[in-house]
Amino acid sequence: MPPAEGEAIEVAEGVLWMRLPLPLALDHVNVYALDDGDSWTVIDTGFDSKRTRAIWRRLMDGPLGGKPISRVIVTHHHPDHVGLAGWLQEDFGASLWTTRTAWLFARMLQLDEQAVPRQETLDFYRKCGMDEEIFNERKSERPFNFSDVVAPLPLGFRRIKQGDVIQAGGRHWDVHIGNGHAPEHATLWSQDDNLVLSGDQILPSISSNIGVYATEPEADPVADWLESCERLALFARPDQLVLGGHKLPFTGAPVRMRQLVENHHGALARLREFIETPRSAGECFPPLFKRSIDKGAYGLALVEALAHLNHLYHVGEASRTLRDDGAWVWQSVD
């Protein structure tokens, strides 16, 4: 069972697991606190909201025993992980440790506030073949803005990178970098026992979203994801307790790493067969998700469909042409 709101579960000596709410279909994010003796190192932070700030204060007064948070390690730039990092810096004096790309993306996106989608984004939606009804709704609505759920980030941070060793919670942690779900995603692997802090790079029962966005429409994050999974699998052991950003802690990392790779190879094979008839990204949900996609999940489904189509295109297994309505249509290549 996960920890209740404002409470913590000690999953190993000096390592607390806490859970914060999200106003999304995936309704929670896991965060962790590592006991450094006279202070705490926190792993990830949740969205910035009045509710989440109040929960953090309860955690500080309760499970964290009034000891200060001296350091925040952010695994990647997504708002459910970086949302309160700036608040913990500004109000509590914590130092921020993260990868350079994660910090740059988070700070750039936090400053980039939009009242309505930019024309480049609307053009991108058209090229994806977005459903017309959803397109018409989104073109005049306020889009998702980092600034709505991410506290301002101060200038200073400490860069972490592949091969670093971090001391926290009475352990030495090897830093291994993943990609695909987010660029330069940090994972921490304990040298001293069986713990792995995996963020969203390794999750137990769901596959992390892999998307292509208007910022880099030709990207191939599926290739980045597959490379990362195969490389990180070399460090996986059956006995490791993997502490991820969502769902429950789990063991059996080698099997899970194989599944994460096989899931995408299977999806690509189904997609390749599906686009024997030319299709847009918005028409490619059935072979990838095998369930109906509602409006709430539509955006993430669309960018994930494009990611898989881009991968087939980049490896020479699909071609694309621009349809009269402005959408790319993709067709498998024999």
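This structure is a prediction, so every number in the text was calculated from the model and none was measured.

Some remarks on the side chain of histidine 181
Relative to the assigned elements, histidine 181 resides in the loop between β9 (171–178) and β10 (185–190). Here histidine 181 falls in the buried class, since its relative accessible area comes to 13%. A distance of 2.7 Å separates a polar atom in the side chain of histidine 181 from the backbone oxygen of asparagine 209. Setting aside anything within four residues of it in sequence, one finds histidine 181 in contact with His76, His78, Asp200, Ser208, Asn209 and Trp225.

A look at the nonpolar core
Of all hydrophobic cores here, the largest spans 45 residues; its most connected members are Ile275 and Phe285. At the level of elements, α5 (119–128), α6 (132–138), α8 (221–232), α9 (253–274), α10 (285–289) and α11 (295–314) are the ones that each hand at least two residues to this core. In terms of residue count, the dominant contributor to this core is α11 (8 residues). Ignoring sequence-local partners within four residues, the contact set of phenylalanine 285 consists of Lys290, Ile293, Tyr298, Ala301, Leu302 and Ala305.

Considering unusual backbone geometry
One non-glycine residue, aspartate 44, adopts positive backbone phi at about 70°. Positive phi values are uncommon outside glycine, yet lysine 247 reaches one of about 65°. Positionally, lysine 247 belongs in the loop between β12 (241–244) and α9. In this structure lysine 247 comes out as partly exposed when scored by relative accessible area, which is 29%.

Thresholds, definitions, all that
Residues numbered from 1 in each chain as written. Predicted model: local features only at pLDDT ≥ 70, side-chain atom pairs only at ≥ 80, totals over all residues. Heavy atoms only, no water. Helix = DSSP H or I, 4+ residues; strand = E, 2+ residues; numbered from the N terminus. Buried < 20%, exposed > 50% of the residue type's maximum accessible area, 1.4 Å probe, protein only. Polar contact = N/O pair within 3.5 Å; in protein donor to acceptor, adjacent residues only side chain to side chain. Contact = heavy atoms within 4.5 Å. Core = buried A, V, L, I, M, F, W, Y, C linked by side-chain atoms within 4.5 Å.

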